[in-house]
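# Architecture at a glance
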There are 2 protein chains.
Amino acid sequence: MAAEQEDLIDALAQVAFVTTGVLSAAASDRDLSLTQARAIGILRDRRLRMSELAQVLGLEKSTLSGLVVRAEKRGLLQRVPDDGDRRAALVTIAPAGARLAQEVRADLEQALAPLIGGLDEGERLQLQALLERMIEHAGTRPETRSS
Amino acid sequence: MAAEQEDLIDALAQVAFVTTGVLSAAASDRDLSLTQARAIGILRDRRLRMSELAQVLGLEKSTLSGLVVRAEKRGLLQRVPDDGDRRAALVTIAPAGARLAQEVRADLEQALAPLIGGLDEGERLQLQALLERMIEHAGTRPETRSS
DNA sequence: TATTGTTATACTCTATAACTATA
DNA sequence: TATAGTTATAGAGTATAACAATA
């Protein structure tokens, strides 16, 4: 059973590299780093504090400051004051950022289509369900680090 | 069906980030970058030319030169001349590199265990088979870029 | 001429430390 | 005192361009 688990981890790692690589390429086609693309993807449907976004992305708060400043200059993100705690800032997506997120997303779908296309409808649902079960258990653990 | 595909892509992306993050953390615990960890992982069971390894990793050849020089100084990798083409160099793993690769691998397994642990034996095999089918189709396309 | 690999250089992303403002 | 965020600085990883050696 040890051997089977190793093979599963190999497969997971390979799919992870392919997926990350495809996303990274789609992002850089639009002069976005992988991290910037993740950020606008995350902020598509919510607004987070700087500290919260930093934690989700696995970045230091100072690193995120720079990222957000650059994105704000390009009109992709926006910082708004948090009523109730005047130290804090909420990061929200700007219209141009939302458009870019959608474009990157479309590219990702197109690039992954050949991989997913080899599976029929039932298999895709099965795969999705298994992956989602994995992610649930990921929530139990501390945030993914990248340091 | 469009909605389902989007959900599958979301799940793929999330699992990819978790997996990459875990590997990155395991690597940096040993002063390896994610790319260096990938390199020693790839070279565990084969030797490649500089140019081939660069292509697999999605790096420029000049970038790989630096990476290999640093790894060679630490005794992790080794360059040997390619008989038959004296321009080329083959990159091989050194004993210390093989040990490190094994350690990183063990950490990766341990960190992913809680995620995989939620699945029973049959589901793990199912997931592995689906992921491997995806990877097959990835081989059809040009190498993953990261530029 | 074309290809393999290295060197020189510059840019981006990241973390650490010191700081300001607010809680 | 502790926390949220910014600024200054330095290190690592990467790409581009120019180059040397071999095919």
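Model, not experiment: these values are computed from the prediction.

### Examining the sheet that holds strand β1 (residues 48-49) of chain A
Pairing between sheet strands relies on hydrogen bonds along the backbone, with the strands arranged either parallel or antiparallel. Residue and element names in this part refer to chain A. Strands sit in the order β1-β3-β2 across an open sheet of three strands; the sheet is antiparallel. Both outer strands of the open sheet, β1 and β2 (77-81), are each paired with one neighbouring strand and no more. In the sheet, β2 pairs with strand β3 (residues 89-93) via five bridges, with the strands oriented antiparallel. Looking at the pairing, R79 lines up with V91 of β3.

### Looking at the interface of chain B and chain A
Listed as interface residues are 55 residues of chain B and, on the opposing side, 55 residues of chain A. Carbon and sulfur atoms supply 70% of the area buried between chain B and chain A, which totals about 5500 Å² over both sides. It is L8(B), F17(B) and M134(B) that lose the most area in chain B upon contact with chain A, and together they represent 11% of the buried surface on that side. Where chain B meets chain A, there are four salt bridges. When the shortest N-O distance is used, the salt bridge between E123(B) and R133(A) registers 2.9 Å. Applying the counting criterion to the chain B and chain A interface returns eight residue pairs in polar contact (both at pLDDT 80 or more). Only α1 (2-28), α2 (34-42), α5 (95-116) and α6 (121-138) of chain B provide two or more residues apiece to the side of chain B that touches chain A.

### As for the protein's contact with DNA strand D
Taken together, the neighbourhood of DNA strand D is formed by 22 residues, with S51(A), S65(A), R79(A), T35(B) and T63(B) sitting nearest. The share of sugar and phosphate among atoms of DNA strand D within 4 Å of the protein is 63%. The separation between a base nitrogen of DNA strand D and a polar side-chain atom of K61(A) is 2.9 Å. In the model, a sugar or linking oxygen of DNA strand D is placed 3.5 Å from a nitrogen or oxygen of the R87(B) side chain. Secondary structure elements with two or more residues in the surface near DNA strand D: α3 (50-57) and α4 (61-73) of chain A together with α2 and α4 (61-73) of chain B.

### Some thoughts on the sheet that holds strand β1 (residues 48-49) of chain B
The three strands lie next to each other as β1-β3-β2 (chain B), forming an open sheet whose pairing is antiparallel. Whereas interior strands pair on both sides, the edge strands pair on one side only; in this sheet they are β1 and β2 (77-81) of chain B.

### Here we look at the pattern of salt bridges
Summed over the entire model, instances satisfying the criterion amount to 22 salt bridges over all chains. Close ionic contact of R30(A) with E103(A) constitutes a salt bridge, the shortest N to O distance being 2.7 Å. Of this pair, R30(A) sits in the loop between α1 (2-28) and α2 (34-42) while E103(A) is found in helix α5 (residues 95-117), placing the two residues 73 residues apart along the sequence. What makes R30(A) buried here is its relative accessible area of 18%. Here R49(B) and D82(B) are joined by a salt bridge, their closest N and O atoms 3.5 Å apart. Of this pair, R49(B) sits in strand β1 while D82(B) sits in the loop between β2 and β3 (89-93), and the two are 33 residues apart along the sequence. Since its relative accessible area comes to 16%, D82(B) is described here as buried. Counted as one network, the salt bridges with shared partners bring together R49(A), D82(A), D85(A) and R87(A).

### Observations regarding the relation of the copies chain B and chain A
The transformation that overlays chain B on chain A combines an axial shift of 0.0 Å with a rotation of 180 degrees, and the residual RMSD is 0.0 Å. Taken together, the turn and the small shift mark the pair as related by a two-fold rotation axis. Identified as the residue of chain B closest to the rotation axis by C-alpha distance is A16(B), at 2.0 Å. Looking at the interface residues of chain B, 100% of them are also at the interface in chain A, so both copies use one shared face.

### Focus on the packing of aromatic side chains
For the structure shown, the criterion picks out zero aromatic pairs over all chains. Directly above the ring of F17(B) sits R38(A), whose terminal nitrogen or CZ lies 4.0 Å from the centroid.

### So, α5(A)
Residues and elements named next belong to chain A. An ideal rise of 1.5 Å per residue puts 33 Å on 23 residues; α5 measures up with 32 Å between its terminal C-alpha atoms. Of all bends in α5, the biggest is about 35 degrees, found at A111, and the proline P114 comes one to four residues later. Turning to α5, its buried residues number three or more, namely G97, L100, A101, V104, R105, L108, E109, L112, L115 and I116.

### What to know about the nonpolar core
Across soluble globular proteins, you tend to see nonpolar side chains buried next to one another. If you look at the biggest cluster of nonpolar residues, it comprises 90 residues, and the most contacted ones within it are L64(A), L127(A) and L127(B). L64(A) has contacts with M50(A), L53(A), A54(A), L57(A) and L59(A), leaving out every residue within four places of it along the chain.

Conventions adopted
- Residues numbered from 1 in each chain as written.
- Chains lettered and ligands numbered in written order.
- Predicted model: local features only at pLDDT ≥ 70, side-chain atom pairs only at ≥ 80, totals over all residues.
- Heavy atoms only, no water.
- Pairing = 2+ DSSP bridges.
- Helix = DSSP H or I, 4+ residues; strand = E, 2+ residues; numbered from the N terminus.
- Contact = heavy atoms within 4.5 Å.
- Buried area = accessible area lost by both parts, 1.4 Å probe.
- Salt bridge = Lys/Arg side-chain N within 4 Å of Asp/Glu carboxyl O.
- Polar contact = N/O pair within 3.5 Å; in protein donor to acceptor, adjacent residues only side chain to side chain.
- Near = heavy atom within 4 Å.
- Buried < 20%, exposed > 50% of the residue type's maximum accessible area, 1.4 Å probe, protein only.
- Least-squares fit on C-alpha atoms with pLDDT ≥ 70 in both.
- Phe/Tyr/Trp six-rings, centres within 6.5 Å; stacked < 30°, edge-to-face > 60°.
- Lys NZ or Arg CZ within 6 Å of the ring centre and 35° of its normal.
- Expected span 1.5 Å × (residues − 1).
- Bend = angle between axes of the 7 residues up to and from the residue.
- Core = buried A, V, L, I, M, F, W, Y, C linked by side-chain atoms within 4.5 Å.

What is shown is where atoms sit, not what they do.
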